[in-house]
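# Observations on the model geometry
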Amino acid sequence: MAWVLKMDEVIESGLVHDFDASLSGIGQELGAGAYSMSDVLALPIFKQEDSSLPQENETKHPPFQYVMCAATSPAVKLYDETLTYLNQGQSYEIRMLDNRKAGDIPEINGKLVKSIIRVVFHDRRLQYTEHQQLEGWKWNRPGDRLLDLDIPMSVGVIDIKTNPSQLNAVEFLWDPTKCTSAFIQVHCISTEFTPRKHGGEKGVPFRIQVDTFKQTENGEYTDHLHSASCQIKVFKPKGADRKQKTDREKMEKRTAHEKEKYQPSYDTTVLTECSPWPDTPTTFVNNSPTPAPTFTSAQHNTYNSVPDSNSSSPNHQGDGTSQGSGDQLHPSATIQETQQWLLKNRFSTYTRLFSNFSGADLLKLTREDLVQICGPADGIRLYNALKSRSVRPRLTIYVCQEPLRSIQLERQDAGNGDSSNGAIYVYHAIYLEEMAASEVTRKLALAFNIPLHQINQVYRQGPTGIHILVSDQMVQNFQDESCFLFTTIKAENGEGFHIILK
């Protein structure tokens, strides 16, 4: 059945509007001069509309369009999002186009709007750890910004602002009725946020996002109008050109049937509509201290308490007890107790990140999750702390103070047929890290509550009862888990005493 439409019916239904857009939009690059409404409609951003839909549905067109003058990759599947390669530090034009129909958003007529351009992470996991990722980048690249605006080349932008605490964002005002182009420079490359392994790592994708706001009654630009973004990867200078060439050569080698599964490469990249960028990541970049009213200075003081002098366990830091739960985080820990545990174990940087995590939530994270969230160094450290993994000491010896009446008690026990009197021989484990004689003296004093300044020398009883001075070399040759009995004898001058290990 043939369809016949009169020309006036076509005009009234708006089909000419869409038909003209679809014809002129395929791969057409806009000139750098003035823009007209036909330029806006020439961009391949809208989905094909069904002519049977009511005419009022046409009002759902976005009020603005943002077009980046950089070609999309040809190696992208047909229904996947476009991917654009950029060179580090190179200026790329983003054209800010007014796409409103007559009568749309009349309150901004004759007024300026504010747009914020951001370079953000495409991967959700990296978005979650944006603050830590940006802080790490800032540490490695002091004084640099992830995103800059090339002001001399930009056109129509007013009141440009770059916050030193927001290295990945720039904002400006512009008039939608005038020609506006913002030239951006992205200084971070995709492989800077990839864990180093063996070389040739695949870089992470970023997003260029533009959020536009109108002015409220109180004069602030906080009323959201429109947001759009596109996916990018950033390479070292000239790297994007080589990558684009490689993708094009790969596509030329494919058969015609395989090429049908991929979308063509457009000369420009149209940013597609998306949700506005949340305020939370922006506040992460703020250098102001994290408000934590539940963590007072008194609580921090408990974490720095004096070590227990009777403890000689390995890696004992003397942090005190944590509400009777020890150093280990329990699944039953509340959100507040989890925050206190993070502070106590020197993970204060991540208290905001895990502000809604209970003990069970934190313990469910795998080693790989923590490495992705906190980075390799802190991720492994946090995983080990959660699993209570301590470093093994270099040497362990067991020492017992010899009782004065041990021989008599042993004879009594043997006569009664009972040789197990645990109250007599109680050994203390001494964990050595430095493998030095001074460390042995110090830890013996701690374990047996002996004033350190009263110990003159430490000897080991050798063959025929001779006394051998304990030196660093002797300690280094101790057998692991050796057992010693020790006695004390007064020094010859009557000041202090000597310790003899048997």
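Keep in mind that this is a model prediction, so the values were computed, not measured.

## Brief notes about the overall build of the protein chain
Counting its regular elements, the protein chain contains 16 helices and 18 strands. The buried share of the protein chain, taken over its 502 residues, is 42%. Nonlocal contacts in the protein chain, meaning residues at least 24 apart in sequence, comprise 68% of its contacts between residues at least 6 apart. Accessible area of the protein chain: about 28700 Å², with a carbon and sulfur share of 51%.

## A look at the pattern of salt bridges
Taken as a whole and assessed by the stated rule, the structure comprises 14 salt bridges. Measuring nitrogen to oxygen at the nearest pair gives 2.8 Å for the salt bridge that ties Asp211 to Arg118. Of the two residues, Asp211 sits in strand S9 (residues 206-214) while Arg118 sits in strand S4 (residues 113-121), which places them 93 residues apart along the sequence. Like Asp211, the residue Arg118 is buried in the burial classification. One network of salt bridges, in which partners are shared, links Glu107, Lys214 and Asp223.

## Side note on the environment of Trp137
Here Trp137 lies in helix H5 (residues 130-140). The buried category is assigned to Trp137, whose relative accessible area is 4%. As a C-alpha pair, Trp137 and Glu192 span 55 residues in sequence and 7.8 Å in three-dimensional space. For Trp137, the contacting residues outside a window of four places in its chain are Asp144, Arg145, Leu146, His187, Cys188, Glu192 and Phe193. A polar atom in the side chain of Trp137 sits 3.1 Å from the side chain of Glu192.

## Re the sheet that holds strand S5 (residues 147-149)
Spatially, five strands are ordered S5-S8-S3-S1-S11 in an open sheet, and the strand pairing comes out antiparallel. With partners counted over all chains shown, the strands left at the sheet margins are S5 and strand S11 (269-270), one partner each. Relative to strand S8 (residues 180-186), S5 is paired through three bridges, and the arrangement is antiparallel. Note on S8: the bridge partner recorded for Asp148 is Gln185.

## Comments concerning the confidence of the model for the protein chain
Overall, the predicted model of the protein chain reaches an average pLDDT of 74, with 72% of residues at or above 70. Note on residues 280-326: pLDDT is under 50 here. Beyond four places in sequence and across chains, it has 67 contacts. Contacts from residues 417-422, a stretch scored under 50 in pLDDT, to residues over four places away or in other chains number three contacts.

## Thoughts on the packing of aromatic side chains
Counted according to the given criterion, the structure contains nine aromatic pairs. Ring centres of Tyr85 and Phe235 lie 5.5 Å apart, and the angle between their planes is 80°; this geometry places the pair in the edge-to-face category. Of the two residues, Tyr85 sits in strand S2 (residues 83-87) while Phe235 sits in strand S10 (residues 223-235), which places them 150 residues apart along the sequence. The class of Tyr85 is buried, set by a relative accessible area of 8%. On the basis of relative accessible area, Phe235 is assigned to the partly exposed category, the value being 23%. Residues Phe354 and Phe357 carry aromatic rings whose centres are separated by 5.0 Å and whose planes lie at 80° to one another, so their mutual orientation is edge-to-face. Comparing Phe354 with Phe357, the two get one shared label, buried.

## Quick notes on the side chain of Thr72
In this fold, Thr72 is placed in the loop between strand S1 (64-68) and S2. At 2.8 Å, the side chain of Thr72 and the backbone nitrogen of Tyr266 are in polar contact.

## Some remarks on the sheet that holds strand S14 (residues 428-432)
Strand order in this open sheet of six strands is S14-S13-S17-S18-S15-S16, and the pairing throughout is mixed. Strand pairing shows two members of the sheet lacking a second neighbour, S14 and strand S16 (467-469), which therefore form its edges. Across the sheet, the mean angle from the axis of one strand to that of its neighbour is 40°, orientation sign disregarded. Note: strand S13 (residues 395-401) against S14, five bridges, orientation antiparallel. Pairing of Val399 across the sheet is with His428, part of S14. Across the face of the sheet, helix H15 (residues 437-448) comes into contact with S13, S14, strand S15 (455-461), strand S17 (482-490) and strand S18 (497-501) while running at roughly 150° to S14.

## Side note on helix H10 (residues 335-344)
Given 3.6 residues per turn, any residue in an α-helix points the same way as the ones three and four places further on. Within H10, seven of the 10 residues are buried, leaving the element largely enclosed by the surrounding structure. Buried within H10 are the following residues: Thr338, Gln339, Gln340, Trp341, Leu342, Leu343 and Lys344. At the exit of H10 stands Arg346, carrying a positive phi of roughly 65°.

## Some words on the pairing of S10
Looking along a regular strand, one sees side chains alternate from face to face of the sheet. Most of S10 sits out of view: 10 of its 13 residues are buried. Inspection of the sheet shows S2 paired to S10 by five bridges, in the parallel sense. Paired with Thr84 across the strands is Ile232, a residue of S10. Bridge analysis of S9 against S10 gives nine bridges, and the strand direction is antiparallel. The residue of S10 that forms the bridge with Thr212 is His226. Pairing analysis gives two bridges linking S10 to strand S12 (residues 272-273), with the strands arranged antiparallel. Bridge assignment links Ser229 to a residue of S12, and that residue is Thr272.

Parameters at a glance
- Residues numbered from 1 in each chain as written.
- Predicted model: local features only at pLDDT ≥ 70, side-chain atom pairs only at ≥ 80, totals over all residues.
- Heavy atoms only, no water.
- Helix = DSSP H or I, 4+ residues; strand = E, 2+ residues; numbered from the N terminus.
- Buried < 20%, exposed > 50% of the residue type's maximum accessible area, 1.4 Å probe, protein only.
- Contact = heavy atoms within 4.5 Å.
- Areas by Shrake-Rupley, 256 points an atom, 1.4 Å probe, with all protein chains shown as cover.
- Salt bridge = Lys/Arg side-chain N within 4 Å of Asp/Glu carboxyl O.
- Polar contact = N/O pair within 3.5 Å; in protein donor to acceptor, adjacent residues only side chain to side chain.
- Pairing = 2+ DSSP bridges.
- pLDDT = per-residue confidence, 0-100.
- Phe/Tyr/Trp six-rings, centres within 6.5 Å; stacked < 30°, edge-to-face > 60°.
- Axes fitted to C-alpha atoms, helices over the stretch in contact; angles between N-to-C directions.

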